[in-house]
Amino acid sequence: MSTKKRILFIAQEMSPYLDLTEYADMVNKMAIKSNEAGLEVRVIMPRFGSINERRHRLHEVVRLSGINIVIDGDDYPLIIKVASLPNARLQVYFLDNEDYFKRKNVFADDDGTFFDDNAARMVFFCKGALETVKKFGWPPDIIHCSGWMTSMIPVYLKTAYKKEPVFSQTKTVFSMEPNSFKDKLGATFVKKAIISNQIKEKDLELYKEGTNAALNRGAAKYADAVIMAGEKVDKKTIEEVKAEKGKIILPYKKDNEDLADYLQLYHQLLGVK
């Protein structure tokens, strides 16, 4: 049996598959660096329609098929695909669904209009990622979330998935990036986000505005550690995070090629000297 500590990266973007911001390259480097440092690494991200399956050699994982994700009373089949990250011996799992991820545009249409189902897409992805981990039977010691689309993971782990044995030892890290959208997720967002009886509306108080900043605030509250992942992170949100006692915060560092501070943070959470 492996005694390696396990880290799962859940990200909305990662090079070379999808580069929406500079942070896509950072996720790639963090995964490879963690792998080289002796951690057992896996990555989960959405299989957006703009990701070229043939070029990146994605294929469906048949043994993980058969999961259905319920969002606001409706069932959506979860298709799981996998690829090997180039130049690294680690697996990247892609969560797919015909309704939510086949479209070529990522978050907005050709005219720049924010998709009205982005809230449901986010909830589907976050719930789908955690259900995938349960199906793996692979207990992660750390889940590192990056991008607003992963922002429900920390609250779900503290509520809906609190009693799941596979997550009993899991610590969460949230990379707080600068706001990337100015829209709101819509009036039905909180209703969709309540995915089980273990999560209450009051648990989503910080999220309820449905803005990018609100999602960051909510994720930061429930995560065990927060990384400032850009120079232009919302200042009000930063101050709120700093005001929380006991919260581990990693400030933004422009020149961060060796990622030593990230590894140090992981070791701190793992209790490794």
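To keep things clear, this report deals only with the structure shown in the data block. (Residues numbered from 1 in each chain as written. Predicted model: local features only at pLDDT ≥ 70, side-chain atom pairs only at ≥ 80, totals over all residues. Heavy atoms only, no water.)

With that settled, the discussion passes to the pattern of salt bridges. Should their charged atoms come close, side chains of opposite charge can pair. For the structure on display, the rule yields 17 salt bridges. The partner of aspartate 72 in a salt bridge is lysine 191, with the nearest N and O atoms 2.8 Å apart. One end of the pair, aspartate 72, is in the loop between β4 (67–71) and β5 (74–84); the other, lysine 191, is in helix α6 (residues 189–193), and 119 residues separate them in sequence. Aspartate 72 gets classed as partly exposed once you look at its relative accessible area, which sits at 35%. Glutamate 164 is the salt-bridge partner of lysine 134, the closest N and O atoms lying 3.3 Å from each other. In this pair, lysine 134 is assigned in helix α4 (residues 118–136) and glutamate 164 in the loop between α5 (153–158) and β8 (171–176), connecting sequence segments 30 residues apart. Residue lysine 134 is classed as partly exposed on the basis of its relative accessible area of 31%. Among the charged side chains, a network of salt bridges with common partners joins Arg47, Glu53, Lys81, Asp96 and Lys102. (Salt bridge = Lys/Arg side-chain N within 4 Å of Asp/Glu carboxyl O. Helix = DSSP H or I, 4+ residues; strand = E, 2+ residues; numbered from the N terminus. Buried < 20%, exposed > 50% of the residue type's maximum accessible area, 1.4 Å probe, protein only.)

All right, on to helix α7 (residues 212–222) then. Burial analysis of α7 places ten of its eleven residues in the buried class, the great majority of the element. Turning to α7, its buried residues number three or more, namely Asn212, Ala213, Ala214, Leu215, Asn216, Arg217, Gly218, Ala219, Ala220 and Tyr222. Tucked into the core, α7 has its buried residues touching α4, α5, β8, α6, β9 (225–228) and α8 (235–242). (Contact = heavy atoms within 4.5 Å.)

Once that is clear, we can look at the environment of valine 62. With respect to the element layout, valine 62 can be found in the loop between β3 (59–60) and β4. According to the relative accessible area criterion, valine 62 is exposed, its value standing at 64%. As for valine 62 and lysine 81, which are separated by 19 residues in sequence, their C-alpha atoms are 8.6 Å apart.

Here the focus is the layout of surface pockets. By volume, the largest pocket is sized at about 810 Å³. What lines the largest pocket is a set of 37 residues, and nearest its centre among them are Thr21, Glu22, Tyr23, Glu177 and Ala229. For the lining of the largest pocket, the secondary-structure elements that each account for two or more residues are α1 (23–36), β8, α7, β9 and α9 (260–270). Counting residues per element, the lining of the largest pocket draws most heavily on α1, which supplies four residues. Here the lining of the largest pocket is composed, by residue class, of 15 nonpolar, nine polar and 13 charged. (1 Å grid on protein atoms, 1.4 Å probe; cavity = no way out; pocket = protein on both sides within 12 Å on 5 of 7 lines; lining within 4 Å. Points joined across faces, edges and corners; volume = space filled by probe spheres on them. Nonpolar A, V, L, I, M, F, W, Y, C, P; charged D, E, K, R; others polar.)

Running from N to C, α7 and α8 cross one another at 15°; their axes reach a closest spacing of 10 Å. The angle between α7 and α8 falls in the class roughly parallel. The two elements α7 and α8 meet at a crossing, and its hand is right-handed. On the side of α7, the interface is formed by Ala213, Asn216, Arg217 and Ala220, while α8 contributes Thr237, Glu240 and Val241. Here the contact of α7 with α8 is composed, by residue class, of three nonpolar, two polar and two charged. (Axes fitted to C-alpha atoms, helices over the stretch in contact; angles between N-to-C directions. Parallel < 35°, antiparallel > 145°, perpendicular 65-115°, else oblique. Left-handed = near helix turned anticlockwise from the far one by under 90°.)

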